[in-house]
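# Examination of the molecular architecture
Now for the letters of each chain:
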Amino acid sequence: MLEIFRKTAWFEGVSLILLLFFAMPMKYLAGQDIFVKTIGMAHGLLFIVYILLALTLKFSSPWNYKKFGIICLASIIPFGTFYIESKYINKD
């Protein structure tokens with residue numbers, strides 16, 4: 001389960017970076033909103049899976065509420081999931 005969470009965290013982080021630094025500029029600078037629609041949908045699904053997996057791991061591993069909160073908060077910060085993966089997840 002932890003390996004699935006690691007992979008999901010990586011994909012979620014990449015999708016957020018693509019959304020913020022590629023799709024949004026393409027929408028507002030080039031007028032092409034198709035990238036926001038497609039990357040945004042993928043990111044939304046990955047975000048939901050990330051949070052659900054974090055909840056599952058919270059109750060099946062020794063994560064306290066502080067660690068769980070930090071892991072969830074990292075999903076909305078660019079590059080946050082990469083930091084979490086290296087700092088918190090690799091130690092489990």
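Preceding this paragraph is the structure being described.
Residues numbered from 1 in each chain as written. Predicted model: local features only at pLDDT ≥ 70, side-chain atom pairs only at ≥ 80, totals over all residues. Heavy atoms only, no water.

### Topic: the packing of aromatic side chains
For the structure on display, the rule yields 6 aromatic pairs. Their ring planes at 80° and their centres at 5.0 Å tell us that Trp10 and Phe11 sit as a pair that is edge-to-face. You can call Trp10 partly exposed: its relative accessible area is 47%. By relative accessible area, which is 46% here, Phe11 ends up partly exposed. Measuring from centroid to centroid gives 5.0 Å for Phe22 and Phe35, while their planes differ by 70°, and the two rings are edge-to-face. Taken together, the residues span a long stretch of sequence, with Phe22 in helix 1 (residues 2-30) and Phe35 in helix 2 (residues 34-60) at a distance of 13 residues. Since its relative accessible area comes to 34%, Phe22 is described here as partly exposed. By relative accessible area, which is 25% here, Phe35 ends up partly exposed. Taken together, the aromatic side chains of Phe5, Tyr50 and Trp63 make up a single cluster linked through ring pairs. Here the basic side chain of Lys58 rests over the ring of Phe59, its NZ or CZ set 5.7 Å away from the ring centre. The lysine or arginine in question, Lys58, covers the ring of Tyr65, its NZ or CZ lying 4.0 Å from the ring centre. (Phe/Tyr/Trp six-rings, centres within 6.5 Å; stacked < 30°, edge-to-face > 60°. Buried < 20%, exposed > 50% of the residue type's maximum accessible area, 1.4 Å probe, protein only. Helix = DSSP H or I, 4+ residues; strand = E, 2+ residues; numbered from the N terminus. Lys NZ or Arg CZ within 6 Å of the ring centre and 35° of its normal.)

### A word on the nonpolar core
Core analysis: the biggest nonpolar cluster contains 14 residues, and Phe5, Tyr50, Ala54, Trp63, Ile71, Ile84 and Ile89 have the highest contact counts within it. Elements supplying a minimum of two residues to this core: helix 1, helix 2, helix 3 (65-73) and helix 4 (80-89). The greatest single-element share of this core, amounting to 4 residues, is contributed by helix 2. (Core = buried A, V, L, I, M, F, W, Y, C linked by side-chain atoms within 4.5 Å.)

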